[in-house]
Each structure stands twice: as C-alpha cells, then as structure tokens.
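Here's the letter readout for the chains.
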Amino acid sequence: MTGQEFLDVLSSRKSIRRYKPDPIPDEMIDMILEAARWAPTGENYQPWRFIVIRDQETRNKIGDLSKQGSGSRMTAWYCLNELQQRFEGIEDPVKRAEVLEFMYSGRVSEFCKQAPVVIAVIGDLRVGSVDVPYDLCAAMENMILQAHAMGLGSCWVYGPVASTRDAIRFKEILGIPQGMGYYKVLSYLAIGYPKEQRKHPRPKLPLEEMVYWEKFGNKERI
Amino acid sequence: MDSIKYCNEVMARLETLMYQELSGMAYWKCEFVGPDFIRSKNIEGKNVAEITESCIKEITAAGIAKGIEYKTGGDGMMLKLKVDGCMHQEKEALVRAEGVNPYICPVANMVLDMIHQKLKFETSYLAKLAIDEKTQRCLVYMALYETADKIGHVTDWLKDDEDLAFLKSQPSQILAAADRKKK
C-alpha cells in the first residue's frame, strides 16, 4: 500500500450512524479487535479492555442511556436559546426545526440500538500506565479505521459516559467494577454495514490554518 | 491560616488542570464535587422546592453562601439559583485568571445531588453558570428530568428572565467560537 492509498482510506472514512441489520461475521469483529491490539501504548502497558455487545437488550439499554445523555444536555441548551444558534445556517425553518428536535430529543445518539455490534472501550487503571486515556483513544481509532477498511461503518460515541453519573450507569449495565480507581470507561464504538450515504468529504480546515513551523504561530515553512 | 483561601486555591488548581486535560468535557465530569457536605445533613422534602429550600438552609447556615434565591420554571424542568456571597468566589476568580470559565459549582452540585437522592430524578444537567464578579453573585441554571420522557420537552427558560441581559453577556459552553454555528 502506498502512502497515498493509506491516506485515501483515512480521508474516505466518515462516522456512520445508520446501519443495515445484517450481522457482522466473527472474523470481521476479530480483525477490528486485532487492530486495536496493535495501537500505540505507553511502555506497552496495553491497559485497554473491550466488551463486545451484540445482545439487543443490552444495546437498547446503552442506546437509551446515550439518548438520555445527549438529550438532557441539548434540551437545556435549547431552552437557553443556545442550541438554536448553532443551526442558524439551515435556512429552511422546517428542516431546521426537524434537526433541532432530532438533537434535543437525544435521538441523535440512540443509534446503537440498530448497530449489530457495539464495542465498549474501557481501560484498566491498575496496570500502572500513565497514559490510559490516550492509549484507549489510539485503540479506538485503529478499530474505526479497520472497520472502514473492511467496508463497515462505525461511530465513536461518548454520550452515555459523558457525565459521571451516566458513566456509573454504563458500568452497571455491563457489569464493570465500580470505583474510581478500577476502570475508566472511554466510550463505545457502534459498528455495522452502512445504510446511509453521507455527503463526503465534510469540510476540513486547510493545513495552513493548523500547522506552524518550528515555533507556535509561524505559518511559513522554513 | 485562612482555610477558605487555601481551599479555593487548591480547588482552582484542580479545576484548571482538569480543563487543561479534558477541555469542555470537564464540565460534565464534576457533578460529585460538593455533595459530600450536603449528604451529611438531614435534607428533607417531597418536591424540588422543598428539597431546594432544605439545601439552602444548610448551605447558608454553614456559611458556604450568604444568601440563595431560587425559582423554578420551564414546566418544572428548570431550577435557577441566585447565589450571593459564595465562599468559592475566590476560586472562580483564580480559575478565570487562567483563561478558563469556571464550571464547577459545589452549591449547584449539592442541590442536584439531593434531588437525585431524595426524589429519584432520572437525570439532571448543570446547564449554565454565570458569575457576576462585581456583585459577587452567581446565576445557576439547571435542567431537571424527573423521568426520561421529560427529555426533549422544550420551553423558553429565559422568557421574562430578569437577568437576561447579563446572561447574554456571559460565555456559552457550546458557542465558544462563532464557527460552531452550523453553516
């Protein structure tokens, strides 16, 4: 694979939130997990642990928690007239109202109920690593890219564990030991065959706006 | 030793360090900062108003704040506090001096915790913390969801709000940059 081919894989990825009901073969799940295993990890501690969830009832519980997490925040933002400002760019008032309702109802985060596979990414805080959150993020990214490379869609979902109370509930659902010193719940990955064709690529900032050379603020390549 | 000053300095360091590590996510992680005090008290009440009043009584008696007014709205889903003379004002100033908008309000967390514990509300959210440095007054807006089906029920919380002008001058958690507005 050339550098450009790899970049094509990276730049063609998009978050997928609508999935076909088709089951994901075990071989594909194993490859996604294997990709996570090869993520960079400080001093090779490998603090990550993964919980693969296919049970519909469990996914429903996680979906409800996700919906509740996002919805509780966005309802408040709407009631404070802040969420509306984020969507002022949608000119059609009917469309704008639909989008806003989709957001503040929390339905925007409920989709793991339809994802055939959900993988919770958690970190063992007792292994001695000082890099647990960063290692977990690297593992998550590897899984996302592996899924994409195999034609699957995925979405990194943080909603159900954003607040500490919700993270405790998330642990309860999956039987993860409670206690602040045991396991960190990073988030979960919803995976399935894509049902949607999203507009792509979404606009990205040009490199000139984010890259400095040698010193902060210096945009001239030296 | 000025133990309150010491406490605020420690809290401010933790609040800014946590923001440095987690960015805006830190806002959502700190709901258990503060409630230990109120859990040690005998808070009683059958509804939000009674629980809030019981909390205010304990908080002011302990000198954590000099005075707290509250009002409910939004079909019972909004709880607004006006907190005067909070002992954590110095913490807020230290946090702001580091370029961080203060996001941890132990007083709000106490009230929310008791609403969860005593009334078994499904969830809640500390939606807005606006601090007036001149008057040493904090405005706190909280969302209360007795049941999950309350999520998505929207009303205009700021209609007829006497603090609207000040509130609009305060930073938003989700509109920190103009380009967050969807194009």
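Look up: the structure comes first, before these words.
Fair warning: this is a prediction, and the values are worked out from it, not measured in the lab.

### Re the pattern of salt bridges
If you walk through the whole model with that rule in mind, you get 25 salt bridges over all chains. Between Glu 122 of chain B and Arg 169 of chain A there is a salt bridge, with its nearest N and O atoms 3.3 Å apart. With one member in each of two chains, Glu 122 of chain B in the loop between α5 (106-119) and β3 (123-132) and Arg 169 of chain A in helix α7 (residues 164-174) form a pair that bridges those chains. Take Arg 169 of chain A: its relative accessible area is 24%, and that puts it in the partly exposed class. With a shortest N-O distance of 2.8 Å, Lys 91 of chain B and Glu 92 of chain B are connected by a salt bridge. For Glu 92 of chain B, a relative accessible area of 3% gives the class buried.

### Observations concerning the packing of helix α3 (residues 56-79) of chain A against α7 of chain A
Residue and element names in this part refer to chain A. Packing of α3 against α7 brings their axes to within 10 Å, and their N-to-C directions diverge by 175°. With respect to α7, the axis of α3 lies roughly antiparallel. Taken together, the residues of α7 that come into contact with α3 (itself represented by Thr 58, Lys 61, Ile 62, Leu 65, Gln 68 and Gly 69) are Asp 166, Arg 169, Phe 170, Ile 173 and Leu 174. Considering only residue class, the contact of α3 with α7 consists of five nonpolar, three polar and three charged.

### Examining empty space enclosed by the protein
Sizing a probe to match a water molecule and rolling it over the atoms shows the empty space that remains. Residue and element names in this part refer to chain B. Considering all chains together, one arrives at one cavity of 30 Å³ or more under this definition. Taken as a whole, the largest cavity encloses approximately 40 Å³ of empty space. Looking at the largest cavity, the residues that line it are Val 83, Cys 86, Glu 92, Cys 105, Pro 106, Val 107 and Cys 138. Within the lining of the largest cavity, the residues separate by chemical class into six nonpolar, no polar and one charged.

### A few points about the environment of Ile 68 of chain B
Residue and element names in this part refer to chain B. Structurally, the position occupied by Ile 68 is in strand β1 (residues 67-73). Remark: the alpha-carbon pair of Ile 68 and Arg 39, spanning 29 residues in sequence, is separated by 19 Å. Once you skip the residues sitting within four places of it in the chain, Ile 68 turns out to touch Ile 56, Ile 59, Thr 60, Leu 81, Lys 82, Val 83 and Val 107.

### So, the interface of chain A and chain B
At the interface, 31 residues of chain A touch 36 residues of chain B. Looking only at chain A, the three residues that lose the most surface to chain B are Leu 80, Arg 86 and Arg 165 of chain A, adding up to 25% of its buried area. For the pair chain A and chain B, the number of links is four salt bridges. Where chain A touches chain B, the interface holds 17 residue pairs in polar contact (both at pLDDT 80 or more). Listing elements by their share of the side of chain A that touches chain B, those giving two or more residues are α3, α4 (83-86) and α7 of chain A.

Rules of the game
Residues numbered from 1 in each chain as written. Chains lettered and ligands numbered in written order. Predicted model: local features only at pLDDT ≥ 70, side-chain atom pairs only at ≥ 80, totals over all residues. Heavy atoms only, no water. Salt bridge = Lys/Arg side-chain N within 4 Å of Asp/Glu carboxyl O. Helix = DSSP H or I, 4+ residues; strand = E, 2+ residues; numbered from the N terminus. Buried < 20%, exposed > 50% of the residue type's maximum accessible area, 1.4 Å probe, protein only. Axes fitted to C-alpha atoms, helices over the stretch in contact; angles between N-to-C directions. Parallel < 35°, antiparallel > 145°, perpendicular 65-115°, else oblique. Contact = heavy atoms within 4.5 Å. Nonpolar A, V, L, I, M, F, W, Y, C, P; charged D, E, K, R; others polar. 1 Å grid on protein atoms, 1.4 Å probe; cavity = no way out; pocket = protein on both sides within 12 Å on 5 of 7 lines; lining within 4 Å. Points joined across faces, edges and corners; volume = space filled by probe spheres on them. Buried area = accessible area lost by both parts, 1.4 Å probe. Polar contact = N/O pair within 3.5 Å; in protein donor to acceptor, adjacent residues only side chain to side chain.

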